Amino acid sequence: LRRRGGTDMATEGDVELELETETSGPERPPEKPRKHDSGAADLERVTDYAEEKEIQSSNLETAMSVIGDRRSREQKAKQEREKELAKVTIKKEDLELIMTEMEISRAAAERSLREHMGNVVEALIALTN
């Protein structure tokens, strides 16, 4: 360190270290675990409630069969709807008009025309809305 005008100045290469001072006071004892931890008590109540409300396997099987039946009915209805739409006759000119004006694929234009029973005006209105 160089002394200049009553102040100490560090020169290049000097390193100043700060030492941590240890307190000689009494240390705090570690915290004792609480007898009634509210978070653990809340968790215990929730798990107890969930255990009481568990779904029995027979109820689960019944629910799964109901869901399966519903899905098969929906699938069957969808297939019937597709068959009905396939029966609708559409004009090639109407199909091309919708494709060029709306700039959509052939499948989308055909679907819209079939859903509106071949009525090009209704199909175009539905596509614009």
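Residues numbered from 1 in each chain as written. Predicted model: local features only at pLDDT ≥ 70, side-chain atom pairs only at ≥ 80, totals over all residues. Heavy atoms only, no water.

Per an unreviewed UniProt entry, the protein goes by Huntingtin interacting protein K and derives from Microcebus murinus.

J.: When you look at the overall build of the protein in this model, what are you seeing that I'm missing?
T.: For the protein, the helix and strand inventory stands at five helices and two strands. For the protein, the α and β elements follow one another from N to C terminus as β-β-α-α-α-α-α. Residues counted as buried form 9% of the 129 residues belonging to the protein. Of the contacts formed within the protein by residues at least 6 apart in sequence, a portion of 38% connects residues at least 24 apart. Of the accessible surface of the protein, which amounts to about 12300 Å², a share of 50% is contributed by carbon and sulfur atoms. (Helix = DSSP H or I, 4+ residues; strand = E, 2+ residues; numbered from the N terminus. Buried < 20%, exposed > 50% of the residue type's maximum accessible area, 1.4 Å probe, protein only. Contact = heavy atoms within 4.5 Å. Areas by Shrake-Rupley, 256 points an atom, 1.4 Å probe, with all protein chains shown as cover.)

J.: Got a minute to help me understand the pattern of salt bridges in this structure?
T.: Opposite charge on two side chains permits pairing when their charged atoms draw close. For the structure shown, the criterion picks out three salt bridges. The closest approach of N and O atoms between arginine 111 and glutamate 82, which form a salt bridge, is 2.6 Å. Taken together, the residues arginine 111 in helix α4 (residues 106–115) and glutamate 82 in helix α2 (residues 57–87) connect sequence positions 29 residues apart. According to the relative accessible area criterion, arginine 111 is partly exposed, its value standing at 33%. Here the salt bridges share partners, and the residues they tie into one network are Glu82, Arg111 and Glu115. (Salt bridge = Lys/Arg side-chain N within 4 Å of Asp/Glu carboxyl O.)

J.: Would you explain the packing of helix α3 (residues 92–102) against α4 in this entry?
T.: Each pair of packed helices gets described by two things: the angle between the helix axes and the distance between those axes. Following both chains from N to C, one finds α3 and α4 inclined at 120 degrees, their axes separated by 9 Å at the closest point. The orientation of α3 relative to α4 falls into the category oblique. Relative to α4, α3 is oriented so that their crossing is right-handed. Residue-level inspection shows Asp94, Leu95, Ile98 and Met99 of α3 in contact with α4, the latter providing Arg106, Ala109, Glu110 and Leu113. Along the lines of polarity and charge, the residues of the contact of α3 with α4 split into five nonpolar, no polar and three charged. (Axes fitted to C-alpha atoms, helices over the stretch in contact; angles between N-to-C directions. Parallel < 35°, antiparallel > 145°, perpendicular 65-115°, else oblique. Left-handed = near helix turned anticlockwise from the far one by under 90°. Nonpolar A, V, L, I, M, F, W, Y, C, P; charged D, E, K, R; others polar.)

J.: Is there a simple way to explain α3 in this structure?
T.: Of the positions making up α3, those classed as buried are Asp94, Leu95 and Ile98. Down the axis of α3, the sector holding all buried residues measures 100 degrees, keeping them to one side. Of the exposed residues in α3, the ones pointing more than 90 degrees away from its buried face are Lys92, Glu93 and Thr100. Phi for glutamate 103, located one or two positions after α3, is positive at around 55 degrees. (Arc of directions from axis to C-beta.)

J.: In this structure, what is going on with a nonpolar patch on the surface? I would like to understand it.
T.: Taken together, the side chains of Leu60, Met64 and Ile67 make up a nonpolar region of the molecular surface, amounting to roughly 290 Å² of accessible area. In this fold, leucine 60 is placed in helix α2. Take leucine 60: its relative accessible area is 46%, and that puts it in the partly exposed class. (Patch = residues over 30% accessible without salt bridge, like charges linked within 9 Å, V, L, I, M, F, W, Y side chains within 5 Å.)

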